[in-house]
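The chain contents come next:
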Amino acid sequence: MVARKSVLARTISTPIILTLILLAVAGLSLWVNNGIFTRTIVEVFIRVMVVVGLYTFIGNSGVVSFGHIGFMCMGAYATAWFTIPPAMKKYSLRGLPEIISHNQLSFSLSITLATLFAGIFAYLFGKILVRLSGITGSIATFAMLAMINTVYSNWETVTGATSSIVGIPRKTDLWTGFAGAELAVIVAYLYAISRSGLALRSARDEAIAAAASGVDIARERLKAFVVSGMILGAAGALYAHFLGVLTPDAFYLGLTFISLSMLVVGGMNSLSGAVVGVVVLSAIIELLRTLEKGIAIGNQTWALPHGTQEIAIGGVMIVILIFRPSGLTRNQELSWSGWPFSERSSRQKSSIKDGVSEGASA
Amino acid sequence: MTESLTTENVTVTFDGLTALSKVDLSVPKRSVTGLIGPNGAGKTTLVNVLTGFQAPTAGRVTMDGADLGAKPAHKIRHLGIARTFQSGRLFSDLSVVDNLEVTGVGLGLSRRKASAKAVEMLDWMGISSLAERTAGGLPYTDERRVAIGRALMLEPKYLLLDEPAAGMSAEEADDLSRLIARIVSEIGCGVLLIEHNIGMVLKTCDDIHVLDSGKIIEVGPPAVIKASEKVRHAYMGTQVETEGEVL
């Protein structure tokens, strides 16, 4: 009997590699050193937060959520409430309670509160939703998204309804974006290796056997739902401070589907898949956008017709899903020299003896 | 008070169809109880009732005298009633040792402790060599053994085995019999063994219940069951001799 290495020791290479990828992305931005490109990279970091947040629930539970962008919306508006200068919000958001409308919080405190705000609502919605599995659960999360969007699109005095609210301090720069993405990766990693993460993945594979193993599936799902709701809330808050302007429709179907696409293309069941999906799809989108704008060849400008980007992304997704249905990472985590090499070699050694009996029984 | 897992008058109906009718069954601790009967007799339904996967329409389930009420499956496991499934149902994406670790974690251990217990259990079962294999790719017999190991984590009081020998060769079934004997003697479980392999049931069990069309038609030690006219008629058909090697 050999003592087993701790789960942290076995898997720590994954977050390290993902951190290196994020650092490389930030480094690219520094190297190009162009304001517009840097904004693109910040958006990529926020996307990483969004998709990693989605992975935390979807990847571990196996229930596809169409509703999480709603928590992003909540986080974004919450930080807007806390940070728009009182002189402005007194008029534009008259329905806010006095304690909020008369005060202005710091960036970091506001982000924290916005994250908690999204977490509280994730808990309340989750209490109801986590009992549903499969397509039923997915449709219910979609209904939740529609509810949230309807409230934010109509509550004139608190959210400005469909007109944009302005005056959110634009504080999200390259390094806050990086920090957000890095933190999301660390939190998602810690959840995945936690007891709850293991129990939830077992329920994803075999719900009945998980229950027979003592796993309270609804409780573990709720934990993942809240953690992922909070990551989305934080992403929304950083996004609000990135844009400076908010409308509820920025957090609806378009963002929901592109984020889910990134997760699926990367590999739904792995954290690495979430990060890889964002980086790869963002790179393709950016490349096509540049081509749509046109490139000068000699004294002629050659450009793709508008809309090529959307169509091409659709095509790329179909191709990837046909050839790699489990995503670019095949649902595996990135680690040193492939999937746990040390474990595989020790397994091979120890199964030599067993190979004989196996051969006989087969 | 005798320590046992017991059903009293358990009836289960699905849309008017009676799956179990007034079933009394007792699984004493530290012994092996057999449950046999033709396909569709209600054996798996009975296991589902005992493990919280199926609420009885009438009657009750007690463990060591205490009523289990309408507890959900995961709470039943916390009370110490474990089971395996006909179809294995391993967590196919996880390694073998993680499959066992899930039960430890499900029952409240930290990952570190659950992992250590899982390693211990694999060692006890003599299948340490499988530890890091992905459960999805295991051969049939190993899959069964891993499923039993997963159920045995943290030493449950009762273990319900749903057709664990299906598809096994005679030697493998013998190995399984020996394992069941060890489970009783070393862990002290009360085991309920559901099997179609009559030879194995007669050899392994202390007491056997025969279920037919949702009713218990005979109870007794192997010798009684072997001689029973009713069992012969219901289970094997009148023409077939009950000399064990039916399958």
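Our structure's up above, just so we're on the same page.
Every chain begins its residue count from 1, and numbering advances along the sequence as written. Both sets of labels track the order of writing: A upward for chains, 1 upward for ligands. Totals for whole chains, interfaces and linings use every residue, but because this is a predicted model, local features are given only for residues with pLDDT of at least 70 and side-chain atom pairs only at 80 or more, for both listing and counting. Note that the side-chain values use all heavy atoms of the structure and ignore hydrogens as well as water.

(A) Spotlight on the overall build of chain A. In DSSP terms, a helix is any run of H or I states spanning at least four residues, a strand is any run of E spanning at least two, and both are numbered starting from the N terminus. Across its full length, chain A carries 17 helices and four strands. C-alpha atoms of chain A, sized along the principal axes, occupy 80 × 60 × 35 Å. Exposure is judged per residue with a 1.4 Å probe applied to protein chains only, and the accessible area is read against the type maximum: over 50% gives exposed, under 20% gives buried, and values in between give partly exposed. Per-residue burial over chain A gives 51% buried out of 362 residues. Within chain A, contacts between residues at least 6 apart in sequence are counted, and of these 78% link residues at least 24 apart. Using a 1.4 Å probe, the Shrake-Rupley method yields the accessible areas, and only the shown protein chains count as cover for residues. Split by element, the accessible area of chain A, about 16300 Å² in all, is 68% carbon and sulfur. Neither His nor the chain termini are counted; the positive set is Lys and Arg, and the negative set is Asp and Glu. For the purpose of locating charges, the reference atoms are NZ of Lys, CZ of Arg, CG of Asp and CD of Glu. Both charge centroids of chain A, one from 26 positive and one from 17 negative side chains, sit 5 Å from each other. Whether two residues are in contact is decided by their heavy atoms: any pair within 4.5 Å suffices.

(B) Here's a closer look at the nonpolar core. With 93 residues, the main nonpolar core has W81 and F251 of chain A as its most contacted residues. Sequence-distant contacts of F251 of chain A, that is, excluding residues within four places in its chain, are made with I69, M72, C73, A76, Y77, L145, N149, Y239 and L246 of chain A. Only buried residues count toward a nonpolar core. Its members are Ala, Val, Leu, Ile, Met, Phe, Trp, Tyr and Cys residues joined through side-chain atoms within 4.5 Å. V32, L138, L159 and M168 of chain B belong to the second-largest nonpolar core, a separate cluster that totals 46 residues.

(C) Here's a closer look at the sheet that holds strand 4 (residues 58-63) of chain B. Residue and element names in this part refer to chain B. Here the rule is simple: two strands pair whenever DSSP picks up at least two bridges between them. On the basis of which strands lie adjacent, the open sheet formed by four strands has the order 2-1-4-5 and antiparallel pairing. Strand pairing shows two members of the sheet lacking a second neighbour, strand 2 (17-28) and strand 5 (66-67), which therefore form its edges. Two elements, strand 4 and strand 5, share two bridges in a ladder whose sense is antiparallel. Directly across from T62, in strand 5, lies its bridge partner D67.

(D) Highlighting a nonpolar patch on the surface. All names here are of chain A. A contiguous nonpolar patch, built from L8, I12, I16, L20, L23, L30, W175, I186, L190 and W336 and spanning about 920 Å² of accessible area, is present on the exposed surface. The biggest single contributor to the nonpolar patch is helix 2 (residues 13-32), with four residues. With respect to the helices, strands and loops of the structure, I12 is situated in the loop between helix 1 (7-11) and helix 2. According to the relative accessible area criterion, I12 is partly exposed, its value standing at 34%. Like-charged residues within 9 Å of one another, or nonpolar side chains (Val, Leu, Ile, Met, Phe, Trp, Tyr) within 5 Å, are grouped into patches, provided each residue has over 30% relative accessible area and no salt bridge. Definition used for salt bridges: Asp or Glu carboxyl oxygen within 4 Å of a side-chain nitrogen of Lys or Arg.

(E) Spotlight on the environment of L28 of chain A. Its place among the elements puts L28 of chain A in helix 2. Owing to a relative accessible area of 39%, L28 of chain A belongs among the partly exposed residues under this scheme.

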